[in-house]
Amino acid sequence: MIPEVTVTNREDVPQWLSYGAPLGTILAALLVASVPLLWLNINPIWVYWELFVSQPTTVSGFADVVRTALPLFFAGLAVYLPLKAGLWNIGAEGQLFVGAVVGAAIALHVELPSLLLIPLMLVAAGIAGALYGAIPGYLRAEHDVNEIISSLMLTFTATTFTGYLLRGPLQGSSGQSATDRLPDAAQLPSVLTPRLHVGVGLIVVVALASYILLNHTRLGYEIVFIGSNPAAATQAGISTYKIYITVFVLGGLLAGIAGIVEVAGVHGRLFEDFSPGYGFTAVAVALLGRNGVGQVLLAALFFGVLTAGGTTIAVTQNVPSALIDVIVALTILFLLTAEFVKDHRINIAWRGSDPEAASQTGGSP
Amino acid sequence: MSLFAATLESTVRLATPLLLAAMGEIIAERSGVLNLGVEGMMLAGALGGFAAAVLTGSIWVGFAVGILAGMTLALLHAVLCISLNADQVISGIMLTLLGVGLTTYFGRGYVGQSIEGFQRIAIPGLVEIPILGTALFSITALDYLSLLLVPVVWYVLFRTNIGAEITAVGEDPETADTAGVPVFHIQYACVLIGGALAGAAGAQLSLAFTNFWGVEMTAGRGWIAVALVIFAQWRIIPLLGGAYFFAGIDALSFRSSAVREYVVDLVGISALESMFQFLLNPQVMNTYPYLLTIAVLWYVMRQTNRNELGAPSALLKSYDRE
Amino acid sequence: MTTDPLLELEGITKRFGEVVANDDISFSVDRGEVHALLGENGAGKSTLMNILYGLYSPSSGTIRLNGDPQTFEAPKDAIDAGIGMVHQHFMLIPRMTVLENIVLGEREHTATGDGIVDRFKRIFGRDRAGPRERLSELAEQYGLAVDPSEKVWELDVGEQQRVEILKALYRDIDLLILDEPTAVLTPTESEQLFETISTLVDEGLTVIFITHKLWEIERLADRVTVLRNGKRIETVETDGVSRSDLAEMMVGREVLFDIDKARVPTGETVLSASGLQARDDRGLEAIAGVDLTVEASEIVGIAGVSGNGQRELAECLIGYRPLEAGQIELDGKNLTGAAPRTIIDSGVSFIPEDRYAHGCAEELSVMHNAGVKIYRNGELDSSRLFLDYDGLESYADKLVDRFDVRGVTDVNRTPAGTLSGGNLQKLILGRELSRAPRLLVANQPTRGVDVGAIEHIREQLVEQQQDGTGVVLISEDLDEILDLSDRVLVMYDGEFVHETTPAETNKWELGVYMSTGAAPAADDQLISEAQ
């Protein structure tokens, strides 16, 4: 008995599949991730309960989630916006760093009261990130340089160069690769609970702004059209040049702000590993949230739950926080397979070694 | 040992993982598949190799296991990208993340241990050559292996039937398919070899270079390997040169203060001193491979006759027979 | 010539969904003959040959070679059976050399045995001497000079075609199919090709070539099979048939036309284009000096077989393709070299030839697609920042209504790609016309569209003309050209070769111009005498 697998394209996607797919993806990832947990004799049900139920329902736990979701959301949008235009921004991490560095530098060297300093920091970080993001956008628009490679290279340039700055011009008195604690005027004030900083208010602002941009503005219309068919867009008079640069500028802007907010609101200082790879997880966030800004936010919250919870259970249950990276990676893995399952119908027929049955598989267009 | 000799010696040994990983990546990319998971596969090779060596006591068994570890992750990439037509960029980044996560997780138990790794093997006679001798002819078996692999890879890619078919698949899979070339088999094989060599590169790091395992010990070398392939414009000789160039930068960065002293003395103009202090700062130097790669890309894309330069034409495109 | 044919096609039918590309086609090809396949675009010639070459399987019917039925699952099967094909778009790898391209996929020259050693040799070995020798033998035998070490990108088109032919010959074929081989060649290169074909036949090969150019048939072919609308019309010896007969077979019965649409007086000049020259995507000259004037309320029909520069002309007129030379003036304004945006804003509308590749964004909604020409007209984007999507939605609703676009459940949600070809075309037409353009460039507006939609689209074009729009109607459909145009131009090889009015011409005369570039002979000459 030989299984014969035929794969054909689906015409349309059945409802149960398009809703079930994200859920199935997450469940599959959690299932596979339980293997490493069992290997270390840790009960996965306990861990997942802690991660998804216990932690987020406490005040401090929830605060952690929201606080962690902020950079994930902003960086996720930094990938999402260019993606809507058909481009990959893999440089969100680098743009994040650039914003953090410029914002921190201003905080350390400019004396102003909080009310003026914090907006200045944010604006400067945003502009810095935007300019840095513009580079791959420009290279693609003007010279057709692949933006995946250029944004990736610029990311490592930024993270490495930050290492230089933190051991040199920006180094604090501790002698480590970190700045001093930013002056009090630069620290983002807390709101509601000590673990939540006022920057989280930006989540709502940015979410609304992005939604409005994509769904209610002229620019959003052009972005979406180019993303669907650049040739038709050009023939219709839309300038792909301008849009390519614009989406990368916007992405860099958001990532830059995420960077400084993380520094000034969460850590209070800039040090080398302040970002656990937000810019890369952002790719997963954008992918999971492909259908709209709201979904990007949900995806960011989901990964926020994972990341924030992961730090906690590392302490309480002795689960290596690397497990979170594994779960994130597995989620992406199953997302990719889900894509395939959604687009193709897979039929498995069991055929005996019957020559007649075999010859019936004729050619098809 | 003079500064120059010491730097040269480090360069040769630092070049090995770059060379191995980049050769693997060239093979994969020439068949049309971009593999951004090299960093993850290198880590898998590093931990797999180290763990196997500790458990079996044999560094060669460790090396073999490291290769297998890299290949396993690569198999995932191959299935996703070639058979399921998933996006190559996402799959690669996912595998790096998976590699980092899995190795950090499972590697906990191996942190702090060390083994007696691959020893240097001196070639009598040749090792006597001043300066070059100790640098080039007193290196470990894996270093020799990587150097020997270069002409082999070159030969297979550019002087054999299979090499021509690989090129054809990476340029135009449809034409190759019509001509009867086994497109999918070739792509699978190339991606797996890429993973194998990435695993080998990682194993070299833990078994021959540092002789211990550390979390994220590849320190971005996988990404440099990816950059290197683009820097070399998918050719072997520039790859060899580029590997040594990037490794040289790495080696210099380790001896940064001595190098800066030397250069400042050499130049003598105190006004330029701060400029050299900056340019030869270790972290600043570590950005050069990335910046140079962008520069090469920018230069290439400005050429009007791009027929001899540039990526394989079908890179990143997933071929579907329909 | 022997009596039993080399190739027999029996009842070949090919369906793609609901479209019948080949409808019960049967004919045979004799050994050693040159057999031409004649027909307009869309007649089914390429589909038929792709079936013969193994790229498609027929929905029904049999192929026989030397009397034996054949099934081809892939081109390799066809090649093994002795059939070679040179496509219109060459299947060559530019970065590899001539020799490498010819030898690609064939490893037997390195080692032929079945053992492990031989298998290893076939993969990791390489024999260039053997193939090189065989290649130079073939080149000499068939008179095809090539340098095996040259990279294909360095060759000109004629040379590349020779490589394609050698690629087929290298594999020991009996039958060679050439798909529109002169489409990309200069007259000199075409002559060289014809000599090559003569040599091939002298050496015992059988040749089928696809064309829409009558003079090639009279120059080369022994017999010709004419296809129209997927069916075989007739197979005749070229000796006994005239050009006008062939043209008639190709385009249909000549019909006398009564133009009964209301004649509207034409107005001032809307478009004045002169001396236009441009290249196609491959860098070859596509338009070789074209002058075109269109007045308000005038429909200028450009007849011609697709591929003679029409698409490039249309793209130049809307600013999408750069001009090598020439001027474009719209309403007296010089718009030479202007960007699409400027030209669109100056009142030019465009219906592209390929509605999916250039006309719409498939995944986006009908509303998005409907609005792409008016979203920045100042009304919907009065604030310059925000877009009035409600306004866009009602605009789209009205458009769908007025232009009878069916299959739209919700303009906001239904993706444009789910509409049928005809309805999508009506949508595109609607969005282009409802801007009340000064000039409309329509390239094959009714191609691939169902009959009901065709009528509707033509009515809209006439209505637009009466509203004052100048229309450039590019079409392969001669009924359409003759029905709608005020003036008729025939485009051949990048130039206008004839200008007339519908009253002064008819289908077969146009057919002759379209397929020969020249006037029909004053008296009906038999093809054999025309040589």
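Residues numbered from 1 in each chain as written. Chains lettered and ligands numbered in written order. Predicted model: local features only at pLDDT ≥ 70, side-chain atom pairs only at ≥ 80, totals over all residues.

What follows concerns the domain arrangement of chain C. All names here are of chain C. Looking at the assigned domains, one finds that chain C contains domain 1 (7-82 + 173-251) and domain 2 (269-505). Domain 1 and domain 2 are separated by 34 Å when their C-alpha centres are compared. Taken residue by residue, the interface counts six residues in domain 1 and six residues in domain 2. Per-class residue counts for the side of domain 1 that touches domain 2 are three nonpolar, two polar and one charged. (Domains from an automatic or database assignment. Contact = placed C-beta atoms within 7 Å. Nonpolar A, V, L, I, M, F, W, Y, C, P; charged D, E, K, R; others polar.)

Most often, soluble globular proteins have nonpolar side chains that are buried together. Counting residues in hydrophobic clusters, the biggest one holds 378 residues, and the most contacted among them are A:A75, A:M121, A:A282, B:L18, B:A22, B:L228 and C:L473. Excluding residues within four positions of it along the chain, A:A282 makes contact with A:L72, A:A75, A:G76, A:A78, A:V79 and A:A92. (Core = buried A, V, L, I, M, F, W, Y, C linked by C-beta atoms within 7 Å. Buried ≥ 20, exposed ≤ 12 C-beta atoms within 10 Å, placed from the backbone.)

A few words on unusual backbone geometry. Residue and element names in this part refer to chain B. Of note in this structure, N85 is not a glycine but carries a positive phi near 55°. Residue N85 is classed as partly exposed on the basis of its C-beta count, with 17 C-beta atoms lying within 10 Å. Residues other than glycine seldom take positive phi values, yet E216 does so here, at roughly 50°. Along the chain, the position of E216 falls in the loop between helix 9 (183-209) and helix 10 (221-231). (Helix = DSSP H or I, 4+ residues; strand = E, 2+ residues; numbered from the N terminus.)

Looking at where B:T178 falls in the secondary structure, it is placed in helix 8 (residues 173-178). Other than its neighbours up to four places away in sequence, B:T178 contacts C:P75 and C:M91.

Bringing helix 1 (residues 45-52) of chain C into the picture now. Given 3.6 residues per turn, any residue in an α-helix points the same way as the ones three and four places further on. Burial runs high along helix 1 of chain C: seven of the eight residues are buried. For helix 1 of chain C, every residue scored as buried is listed here: C:K45, C:T47, C:L48, C:M49, C:N50, C:I51 and C:L52.

Opposite the 17 residues of chain B that make contact, chain C presents 19 residues. Mapped onto the side of chain B that touches chain C, the elements with two or more residues apiece are helix 6 (141-159), helix 7 (161-171) and helix 8 of chain B. Broken down by element, the side of chain B that touches chain C gets its largest block of residues, six residues, from helix 7 of chain B. Looking at the side of chain B that touches chain C residue by residue, the class counts come to seven nonpolar, seven polar and three charged.

With that out of the way, let us pick up the interface of chain A and chain B. With 34 residues of chain A at the contact, the number on the chain B side is 34 residues. The element contributing the most residues to the side of chain A that touches chain B is helix 13 (residues 322-343) of chain A, with twelve residues.

What follows covers the sheet that holds strand 2 (residues 19-29) of chain C. Residue and element names in this part refer to chain C. In space, the four strands of this open sheet follow the order 2-1-4-5, with antiparallel pairing throughout. Whereas interior strands pair on both sides, the edge strands pair on one side only; in this sheet they are strand 2 and strand 5 (68-70). The sheet shows a mean angle of 30° between the axes of neighbouring strands, direction not considered. (Pairing = 2+ DSSP bridges. Axes fitted to C-alpha atoms, helices over the stretch in contact; angles between N-to-C directions.)

All names here are of chain C. With mixed pairing, six strands are arranged side by side in an open sheet as 6-7-8-3-9-10. The open sheet has two edge strands, strand 6 (83-86) and strand 10 (231-237), and neither has a second partner. In this sheet, neighbouring strand axes are inclined to one another by 20° on average, regardless of whether the strands run parallel or antiparallel. Relative to strand 10, strand 9 (residues 223-228) runs antiparallel, the two sharing six bridges. Paired with R223 across the two strands is E237, which belongs to strand 10. Strands strand 3 (34-38), strand 7 (175-179) and strand 8 (206-211) of the sheet are contacted by helix 7 (residues 187-202), whose axis makes an angle of about 150° with strand 8.

This next bit is on the pairing of strand 3 of chain C. All names here are of chain C. Counting buried positions over the five residues of strand 3 gives five, a clear majority of the element. In strand 3, alternate side chains face the same way, and those of V34, A36 and L38 on one face and H35 and L37 on the other are all buried. Relative to strand 8, strand 3 runs parallel, the two sharing five bridges. Paired with H35 across the two strands is I208, which belongs to strand 8. Sheet analysis places strand 3 next to strand 9, joined by four bridges and oriented parallel. Residue pairing in the sheet places L37 in a bridge with T225 of strand 9.

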